[in-house]
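Listed below, chain by chain, are the residues.
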Amino acid sequence: MKVLISARGAGRLMARHPWVYKSDVVEGPPAPGLYPVAGPKGTLGLALYNPASEISVRVFSFEELGSPEETLLHNLRQAIARRKAAIAAEPEGAFRLVHAEGDLLPGLVLDYYAGHGVLQVGSAALEPMTALLAKAIRNELPLQGLLAKNNQKSRALEGLPLEVRPLWGRVPERVEVREGPVRYQVDLWEGQKTGAYIDQRDNRLRLRAFQGNIALDVFSYHGSFALHLAQRFEQVVAVDSSAAALKRAEENARANGLDNLVTLEANAFEFLRAEEKRRARYDLIVLDPPAFAKGKRDLERAYAAYKEINLRALKLLPRGGILATASCSHHLTEPLFYQMLSEAAADAHKSVRVVERRGQGWDHPVLLNVPETHYLKFAILEVL
Ligand code: SAH
């Protein structure tokens, strides 16, 4: 059985973009699964196929060398092999082992937390492969356990159950992870995403280059940036709307012997407005909001929201102050992100230097032909 796609769909695959939309599928099997994909001129590769999804075809190989199952497992082994040196150098660290399309494994995420694995399967075509994938992971890496953290909402769209369950071994509720000179607790079962935002790891380490009197970490989660900053600044304020995350931030601060980190449960928009009103000043501010633009339709509203928080943060910074600001929405492209920042700077009447343009960590690979894989923008700016 094969999935037959239109000439337009074939054109996308020829340009090495792995997605084909439902409207470009001419004919396909009735049920989700792994299948060869063919255009009018012949076979183009191997793909996850779900006739019910808007993106019906997600290619994981642009060749047809082996069986779909063997090819998928080959891609998995390759992805893990690319991270092995980093894990050997920091076995108690956190790394992304599989980053979906970026590792030619659409629908699959696998994270490493100090000897424990967390897997997310986001595709009905892949779901029946879970046991096979779990076994292959076990053979590739000496882990203590593997958790399926399959509670992401996108699974419901694929008709899959939302559940969190160990696939093998022992998976504790909390795992302590090292990140440079900082240690933090990750809540594997209940935390956001797979437990932590590993994509910002290298950016958090980068900000250790700065020091000063007072720093502000907005959208702090479990104190991620704040812990690093607390080792470099006299005082740090961590703001988030999640009380559970902030409770861990406080525990993390104590575990690192830090007593200069204050947490505040608040809506970031209201908090920044209030800080502007009372003319507060910070030497460094981190803004790491959730994706405001979940879809293309939200982009205009999201743009305004990003601009609002950046504008307000810029107003809280004196000359020489640093704004480290992120967007993880791939709909807000890098050019739009910098346009938004320059408008915010203009409206705040501030001259701003771009100290560094950064993005997601190396273990979240970007495919040049697949702009959606470059989702995280991170700018380090200095107010002049
Ligand atoms: N900086 C973190 C990741 C932040 S993820 C890290 O490096 O690990 C985004 C965070 O924003 C989440 O912790 C979420 O709880 C919080 N959040 C979402 N909406 C918010 C709002 N309106 N105000 C404050 N916090 C918010």
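Residues numbered from 1 in each chain as written. Predicted model: local features only at pLDDT ≥ 70, side-chain atom pairs only at ≥ 80, totals over all residues. Heavy atoms only, no water.

Caption draft 1: Representation of the overall build of the protein chain within the structure. The helix and strand inventory of the protein chain stands at 10 helices and 20 strands. Here the protein chain has a C-alpha radius of gyration of 22 Å; the compact-globule value for 384 residues is 21 Å, and the two agree. Structurally, the protein chain occupies a C-alpha span of about 65 × 45 × 35 Å along its principal axes. In the protein chain, which comprises 384 residues, the proportion classed as buried is 58%. Across the protein chain, contacts joining residues at least 24 apart in sequence account for 63% of those joining residues at least 6 apart. When the accessible surface of the protein chain is totalled, it reaches about 16700 Å², and 52% of it is carbon and sulfur. In the protein chain, 49 positive and 45 negative side-chain charges are present, and the distance between their average locations comes to 2 Å. (Helix = DSSP H or I, 4+ residues; strand = E, 2+ residues; numbered from the N terminus. Rg over C-alpha atoms; globule rule 2.2 N^0.38 Å. Buried < 20%, exposed > 50% of the residue type's maximum accessible area, 1.4 Å probe, protein only. Contact = heavy atoms within 4.5 Å. Areas by Shrake-Rupley, 256 points an atom, 1.4 Å probe, with all protein chains shown as cover. Lys, Arg positive; Asp, Glu negative; His and termini not counted. Charge placed at Lys NZ, Arg CZ, Asp CG, Glu CD.)

Caption draft 2: Highlighting the nonpolar core. Of all hydrophobic cores here, the largest spans 39 residues; its most connected members are Leu 216, Tyr 282 and Ile 285. Looking at this core, the elements that each hand over two or more residues are strand 14 (212-218), strand 15 (233-240), helix 8 (268-277), strand 17 (284-287), helix 9 (299-315), helix 10 (334-347) and strand 20 (377-383). The leading source of residues in this core is helix 9, at 9 residues. The contact partners of Ile 285, leaving out residues within four places of it in the chain, are Leu 216, Val 218, Ala 313, Leu 316, Leu 317, Ile 322, Leu 323 and Ala 324. Counting 37 residues, the second-largest nonpolar core is a separate cluster that includes Ala 114, Leu 188, Ala 215 and Val 236. (Core = buried A, V, L, I, M, F, W, Y, C linked by side-chain atoms within 4.5 Å.)

Caption draft 3: Spotlight on the site of the ligand. Near the ligand lie 16 residues; those nearest to it are Arg 204, Ser 224, Asp 240, Ala 268 and Asp 288. In the environment of the ligand, a nitrogen atom lies 2.8 Å from a nitrogen or oxygen atom belonging to the backbone of Ala 268. A breakdown of the residues in the shell around the ligand according to their chemical character gives 7 nonpolar, 6 polar and 3 charged. (Near = heavy atom within 4 Å. Polar contact = N/O pair within 3.5 Å; in protein donor to acceptor, adjacent residues only side chain to side chain. Nonpolar A, V, L, I, M, F, W, Y, C, P; charged D, E, K, R; others polar.)

Caption draft 4: Summary view of the domain arrangement of the protein chain. Split by domain assignment, the protein chain resolves into domain 1 (3-64), domain 2 (70-173) and domain 3 (197-383). Taking only C-alpha atoms, the centre of domain 2 and the centre of domain 3 are 28 Å apart. Between domain 2 and domain 3, the contact holds 14 residues from the first and 10 residues from the second. Summed over both partners, the interface of domain 2 with domain 3 buries about 890 Å², with 69% contributed by carbon and sulfur atoms. Summed over the shared surface of domain 2 and domain 3, the number is 0 salt bridges. At the surface where domain 2 touches domain 3, the tally comes to 3 residue pairs in polar contact (both at pLDDT 80 or more). Listing elements by their share of the side of domain 2 that touches domain 3, those giving two or more residues are helix 2 (68-89), strand 7 (94-99) and strand 8 (108-113). (Domains from an automatic or database assignment. Buried area = accessible area lost by both parts, 1.4 Å probe. Salt bridge = Lys/Arg side-chain N within 4 Å of Asp/Glu carboxyl O.)

Caption draft 5: Inspection of helix 8 at higher detail. Every buried residue belonging to helix 8 is among Ala 268, Phe 269, Phe 271, Leu 272 and Glu 275, and all of these are buried. The arc enclosing the buried residues of helix 8, seen along the axis, measures out at 165°, which places them on a common side. Opposite its buried face, helix 8 presents the exposed residues Glu 270 and Lys 277, each directed more than 90 degrees away. Those residues of helix 8 hidden inside the fold are in contact with strand 14, strand 15, strand 16 (261-265), strand 17 and helix 9. A distance of 2.8 Å separates the backbone nitrogen of Phe 269 from a side-chain oxygen at the start of helix 8, and that oxygen is part of Asn 267. Phi turns positive, to about 55°, at Arg 279, one or two residues after helix 8. (Arc of directions from axis to C-beta.)

Caption draft 6: Examining unusual backbone geometry more closely. In the Ramachandran plot, Arg 16 falls in the positive-phi region, its phi being about 70° despite a non-glycine side chain. Tracing the sequence through the fold places Arg 16 in the loop between helix 1 (7-14) and strand 2 (19-21). The class of Arg 16 is partly exposed, set by a relative accessible area of 39%. The phi dihedral of Tyr 221 is positive, around 55°, even though this residue is not glycine. Note on placement: Tyr 221 falls in the loop between strand 14 and helix 6 (224-230). Overall, Tyr 221 belongs to the buried group, its relative accessible area being 4%.

Caption draft 7: Looking closely at the side chain of Arg 248. Checked against the element boundaries, Arg 248 lands in helix 7 (residues 243-255). For Arg 248, a relative accessible area of 6% puts it in the buried group. A distance of 3.2 Å separates a polar atom in the side chain of Arg 248 from a polar atom in the side chain of Tyr 221. Apart from residues no more than four positions distant in its own chain, Arg 248 is found in contact with Arg 174, Gln 185, Asp 187, Gly 191, Tyr 221 and His 222.

Caption draft 8: Main features of the sheet that holds strand 4 (residues 33-39). Taken in spatial order, the 6 strands make up an open sheet running 2-6-5-4-1-3, and their pairing is mixed. Both outer strands of the open sheet, strand 2 and strand 3 (25-27), are each paired with one neighbouring strand and no more. Averaged over all neighbouring strand pairs, the angle between strand axes comes to 40°, with direction disregarded. Looking at chain direction, strand 2 and strand 6 (residues 55-61) are connected through 3 bridges and run antiparallel. The residue bridging Trp 19 from the neighbouring strand is Arg 58, located in strand 6. Here helix 1 sits on the sheet in contact with strand 1 (3-5), strand 2, strand 4, strand 5 (42-49) and strand 6, set at roughly 165° to strand 2. The strands touched by helix 2 are strand 4, strand 5 and strand 6; relative to strand 6, the strand with the most contacts, the crossing angle is about 70°. (Pairing = 2+ DSSP bridges. Axes fitted to C-alpha atoms, helices over the stretch in contact; angles between N-to-C directions.)

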